[in-house]
Amino acid sequence: MHVDSIPAFMRTFSIRRAFNITLLLLITALLLNSCFKGEIKSPNTPVSTLARADSIAKADTLPTFYAPTGIALDAAGNIYIADYGNDLIRKITAAGMVSTYAGSGMLGSLNGSIAIASFNEPTGIALDISGNLYVADAGNNCIRKITTAGMVSTLAGTDSTGMADGPAATATFFGPAGVTLDAANNVYVADAGNNLVRMITPSGTVSTIAGLNGEFANPTGIAINTKGNLFVANYLDNTIMQISAGTISVFAGSGQQGAANGPAASATFYFPNNVAVDASGNVYVADGINNLIREITPAGIVSTLAGSGIAGAADGTGTAASFNGPSGLAVDAQGAVYVADTNNNLIRKITAAGVVTTIAGTGAEGSRNGKAFARHGIIINAKPTTKFNIWYRPRVQ
């Protein structure tokens, strides 16, 4: 908006002119406040003032999220969420309180204390055995680390698009979407835009461990089992890949779009975007466009754990429940699966018996903190549209 764009009849009145100049200054200030390196947040994204005002959880408010995409669990029962649309990392305590764990809500790549640090499209998250949190900060092309002392730093990446290996400070990524760690604290990254799987050693060296021969097409989710085998959600190829002792193979999926269950080789997926593994070696898949949570046994049998296949937000058992663009997955010691239900702006839980409940979120977009709660029944404000541009990153040329 420019003063000259104000209609002439309005500019003839001094009072209205003063009003519009004041309005222009206010809008300019707001835009500058929401910019980082020339980028402006969507007008539908909650601004930092809302995020900070709600940073103290209150028992009498109901929490909201905006396109949550990543989820991780710690040993104490706390749930951490990559709140993609809000550029925040959120936390749900075992007692059910939702708070802002890290991030100012401003789009950016600022390091420092969790209150002032900023993120840009945080997508995947994972915890190490000490409780440090790792974030695939997709919009910044970086992997970030949040220590238990509350400090945010850049583990690897330069905020420049690329695929350079080497020292963490000079290595480059392109839209990293998923992270996981092994017992030795090596960090594995699903580098979506580069169609690669990368590794960051504890000493800070980045290397490419898979994908140089074109095995991946927009890998977005990654998980590791107790044997050290990696599983990758190969988004555009509609397959789940396995990396075992350096060998890359198709773990499940024919490559065709669909929702067929059965033997892994003939089963079908539709843009699977994330994976998780339980202690028994079962692999769970967030089958995004199908609005399903799938399960693959170690023997290679694919089934639907939960979801009707129709976009919605109904709680219930198995196929009686519904999701809308589910993405982030995590599994607890009891075999319960936690789901970041992206397009519903909800956090869901699936018990080992297949019972789905909503544990946090109202369904509305926002960054409000407060008391999480289990909800049964049907939430009527499920959105039929999708936001799957979250996951697709064109390959860097």
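Residues numbered from 1 in each chain as written. Predicted model: local features only at pLDDT ≥ 70, side-chain atom pairs only at ≥ 80, totals over all residues. Heavy atoms only, no water.

Draft legend 1. The overall build of the chain, seen in detail. Within the chain, the regular secondary structure consists of 3 helices and 31 strands. For the chain, the residues scored as buried account for 56% of the 397 residues in total. When the accessible area of the chain is evaluated, it comes to approximately 15,700 Å², of which 59% is carbon and sulfur surface. (Helix = DSSP H or I, 4+ residues; strand = E, 2+ residues; numbered from the N terminus. Buried < 20%, exposed > 50% of the residue type's maximum accessible area, 1.4 Å probe, protein only. Areas by Shrake-Rupley, 256 points an atom, 1.4 Å probe, with all protein chains shown as cover.)

Draft legend 2. Molecular detail of the sheet that holds strand E31 (residues 370–371). As summarised here, the arrangement of the 5 strands in space is E3-E4-E5-E6-E31, forming an open sheet in which the pairing is antiparallel. Both edges of this open sheet fall to strand E3 (68–73) and E31, since each of them pairs with a single strand only. (Pairing = 2+ DSSP bridges.)

Draft legend 3. Main features of the side chain of Thr100. Here Thr100 lies in strand E6 (residues 97–102). Among the residues examined, Thr100 registers a relative accessible area of 12% and is labelled buried. A polar contact of 3.2 Å, which involves the side chain of Thr100, links it to the side chain of Asn369. (Polar contact = N/O pair within 3.5 Å; in protein donor to acceptor, adjacent residues only side chain to side chain.)

Draft legend 4. Structural view of the pattern of salt bridges. What the rule picks out here adds up to 7 salt bridges. The salt bridge involving Asp137 is made with Arg144; its shortest N-O contact spans 2.7 Å. In this structure, Asp137 and Arg144 share a single accessibility class: buried. Notably, a salt bridge pairs Arg294 with Asp287, separated by 2.7 Å at the nearest N-O pair. This pair shows no difference in class: Arg294 is buried, exactly as Asp287 is. (Salt bridge = Lys/Arg side-chain N within 4 Å of Asp/Glu carboxyl O.)

Draft legend 5. Fine view of the sheet that holds strand E21 (residues 262–263). Judged by pairing direction, the sheet is antiparallel, and its 5 strands sit side by side in the order E21-E25-E24-E23-E22 without closing on themselves. The sheet terminates laterally at E21 and strand E22 (272–277), the two strands that pair on one side only. Sheet topology places strand E24 (residues 292–296) next to strand E25 (residues 301–306); 4 bridges connect them, and they run antiparallel. Bridging from a neighbouring strand, Ile296 pairs with Val302 of E25.

Draft legend 6. Representation of the pairing of strand E13 (residues 176–181) in the model. For E13, a buried count of 6 out of 6 residues is recorded, marking the element as mostly surrounded by other parts of the structure. Sheet analysis places E13 next to strand E14 (residues 187–191), joined by 5 bridges and oriented antiparallel. Note that in E14 the partner of Gly178 across the bridge is Ala190. Connecting E13 to the next strand, E14, in antiparallel fashion are 5 residues, including Asn185 with a positive phi near 70°.

Draft legend 7. The arrangement of the confidence of the model for the chain in detail. Taken over all residues, the pLDDT of the chain has a mean of 85, while the share at 70 or more is 80%. When the criterion is pLDDT under 50, residues 1–55 qualifies, and its contacts beyond four places in sequence or with other chains add up to 62 contacts. (pLDDT = per-residue confidence, 0-100. Contact = heavy atoms within 4.5 Å.)

Draft legend 8. Focus on the packing of aromatic side chains. Evaluation of the coordinates by the stated rule reveals 4 aromatic pairs. Here the aromatic rings of Phe231 and Phe251 are separated by 4.9 Å at their centres, their planes lie at 70°, and the arrangement is edge-to-face. With a gap of 20 residues between them, Phe231 in strand E18 (residues 230–234) and Phe251 in strand E20 (residues 247–252) connect regions that are remote in the sequence. Classification of Phe231 as buried rests on a relative accessible area of 2%. Counting every residue linked through ring pairs, the aromatic cluster contains Tyr235, Tyr270 and Phe271. (Phe/Tyr/Trp six-rings, centres within 6.5 Å; stacked < 30°, edge-to-face > 60°.)

Draft legend 9. Structural view of the environment of Glu365. As for its position among the elements, Glu365 is in the loop between strand E30 (355–360) and E31. Remark: the alpha-carbon pair of Glu365 and Thr64, spanning 301 residues in sequence, is separated by 6.2 Å.

Draft legend 10. Seen up close, the pairing of E24. The element E24 is largely enclosed, with a buried count of 5 among its 5 residues. Here E24 shows a buried face lined by Leu292, Arg294 and Ile296 and a second buried face lined by Ile293 and Glu295. By the bridge criterion, 5 bridges tie strand E23 (residues 283–287) to E24 in an arrangement that is antiparallel. Residue pairing for E24: Val285 is matched across the bridge by Arg294.

Draft legend 11. Quick look at the nonpolar core. In terms of nonpolar packing, the biggest core is built from 15 residues, with Ile240, Ala252, Val283 and Ile296 touching the most fellow members. Leave out the neighbours within four places in its chain, and Val283 touches Phe231, Phe251, Val275, Ala276, Val277, Arg294, Glu295 and Ile296. (Core = buried A, V, L, I, M, F, W, Y, C linked by side-chain atoms within 4.5 Å.)

Draft legend 12. Molecular detail of the environment of Gln242. For Gln242, the location among the structural elements is in strand E19 (residues 239–244). Along the chain, Gln242 and Ile222 lie 20 residues apart, while their C-alpha atoms are 9.6 Å from each other. Residue contacts for Gln242: discarding those within four places in its chain leaves Asn229, Leu230, Phe231, Thr247, Ile248, Ser249 and Phe251.

Draft legend 13. Summary view of unusual backbone geometry. You will see that Ala67, though not glycine, has its phi angle at about 55°, which is positive. When you line up the elements, Ala67 lands in the loop between helix H3 (48–53) and E3. For Ala67, a relative accessible area of 2% corresponds to the buried category. One non-glycine residue, Asp159, lies in the positive phi region at around 70°. Along the chain, the position of Asp159 falls in the loop between strand E11 (151–156) and strand E12 (166–167).

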